[in-house]
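# Structure assessment
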Amino acid sequence: MFGGRDGRYGLSDTWVFDGSWRRVHGHMWPAGEYAGLAVALDSERRRIVSMGNVGNIGSTWEWDGERWHWFDAPGAPYGERPNQLVYDKSRRRSVAITPGFIPGSGTYEWDGASWLLVAPAAFPMGVMPAAYDEVRRRIVALAWESSSTWEFDGSGWTAVATATTPLATSGRTMVFDPVLQRILYYDSSRTWAYDGRT
């Protein structure tokens, strides 16, 4: 866990849980003022990827289990905070999904060395929760701008017509359940399951 607030200021604390919580100290770490850090677990490289910005300067960090590493990454989204950062296991990329309201918005991919802007023809506006479907090998996202469901297959976004769509709101999360083999989303009152059709 990273960050938090002490009531007035953003914190730069890193905590690790292995049955009990312990605070980790390092020689460098992301600033506590970073707005809305997005994180994803790169299971291939066994690192946590983090992205955020301060003062319109995008910044990329990785946690290797012991310390944070900062990357002066080519192609990083400038002045843009990603709504979501999702790891695509099939393509071994961390995918940043930005809001879509200002120039430079879009879908970016991180391979551990540099960012690449993916420019599909269609793009969901105002993406909130997103998760990787390990069975169908694609990213599923909800867009609050249009209350719609979208899927990203690595080359482009596709809007999916569903009988019902939960309302996407900020502060909610979406995960893949390997037992049910479905995407799960909790909207603060109900739990929704998505299998690619409903």
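Going by the structure above, here's the rest.
This report concerns the structure included in the present document.

Definitions and cut-offs
- Per chain, the residues get numbers from 1 upward, laid out in the order the sequence is written.
- Whole-chain, interface and lining totals are the exception, using all residues; otherwise, since this is a predicted model, local features are given only for residues with pLDDT of at least 70 and side-chain atom pairs are given and counted only at 80 or more.
- For side-chain calculations, the full set of non-hydrogen atoms in the structure is used, while hydrogens and water are omitted.
- We count a stretch as a helix when DSSP gives it H or I for four or more residues in a row; a strand needs E for two or more, and each element gets its number in order from the N terminus.
- Partly exposed residues are those whose accessible area sits between 20% and 50% of the maximum for their type, while under 20% is buried and over 50% is exposed, using a 1.4 Å probe and protein chains only.
- In what follows, a contact means two residues having at least one pair of non-hydrogen atoms within 4.5 Å.
- Calculation of accessible area relied on Shrake-Rupley with a 1.4 Å probe; when residues are assessed, cover is drawn exclusively from the protein chains displayed.
- Here the rule is simple: two strands pair whenever DSSP picks up at least two bridges between them.
- Axis definition: a line fit to C-alpha positions, over the contact stretch in the case of helices; interaxial angles, taken between N-to-C directions, run 0 to 180 degrees.
- Aromatic pairs are defined between Phe, Tyr and Trp rings, using the six-membered ring for Trp, whenever the two ring centres lie within 6.5 Å; interplanar angles under 30 degrees are classed as stacked, those over 60 as edge-to-face, and all others as tilted.

### Re the overall build of the chain
Of the regular secondary structure elements, the chain holds zero helices and 17 strands. The buried share among the 198 residues of the chain stands at 42%. Pairs at least 24 residues apart make up 42% of the contacts formed inside the chain by residues separated by at least 6 positions. When the accessible area of the chain is evaluated, it comes to approximately 10800 Å², of which 52% is carbon and sulfur surface.

### Re the sheet that holds strand E16 (residues 182-186)
Hydrogen bonding along the main chain pairs the strands of a sheet, whether they run parallel or antiparallel. Ordered by their spatial adjacency, three strands build an open sheet running E15-E16-E17, and the pairing between neighbours is antiparallel. Either end of the sheet is taken by a strand with one partner, and the two such strands are strand E15 (174-177) and strand E17 (191-194). Averaged over all pairs of adjacent strands, the angle between strand axes in this sheet comes to 30°, irrespective of strand direction. Bridge count between E15 and E16: four bridges; the pairing is antiparallel. Opposite Phe176, over in E16, you have Ile183 as the bridge partner.

### With respect to the sheet that holds strand E7 (residues 84-88)
Taken together, the four strands give an open sheet; going across it, the order is E7-E8-E9-E10, and neighbouring strands pair in antiparallel fashion. Strands at the two margins of the open sheet, each flanked by one partner only, are E7 and strand E10 (115-118). Averaged over all neighbouring strand pairs, the angle between strand axes comes to 25°, with direction disregarded. Relative to strand E9 (residues 107-110), strand E8 (residues 93-97) runs antiparallel, the two being bridged by four bridges. Paired with Ala96 across the strands is Tyr108, a residue of E9.

### A look at the side chain of Thr149
Within the secondary structure, Thr149 is located in strand E13 (residues 148-152). Those residues in contact with Thr149 that lie beyond four places of it in its chain are Val140, Ala141, Leu142, Thr158, Ala159, Val160, Thr162, Thr165 and Tyr194.

### Regarding the packing of aromatic side chains
A full pass over the atoms with the stated rule returns four aromatic pairs. Each ring, one from Phe71 and one from Trp110, has its centre 5.4 Å from the other, and the planes form 75°; the classification is edge-to-face. Of this pair, Phe71 sits in strand E6 (residues 68-71) while Trp110 sits in strand E9; the two residues are 39 residues apart in sequence, bridging distant segments of the chain. Note on Trp110: relative accessible area 1%, which makes it buried. Here the aromatic cluster, defined as three or more aromatic residues joined through ring pairs, consists of Phe71, Trp110 and Trp115.

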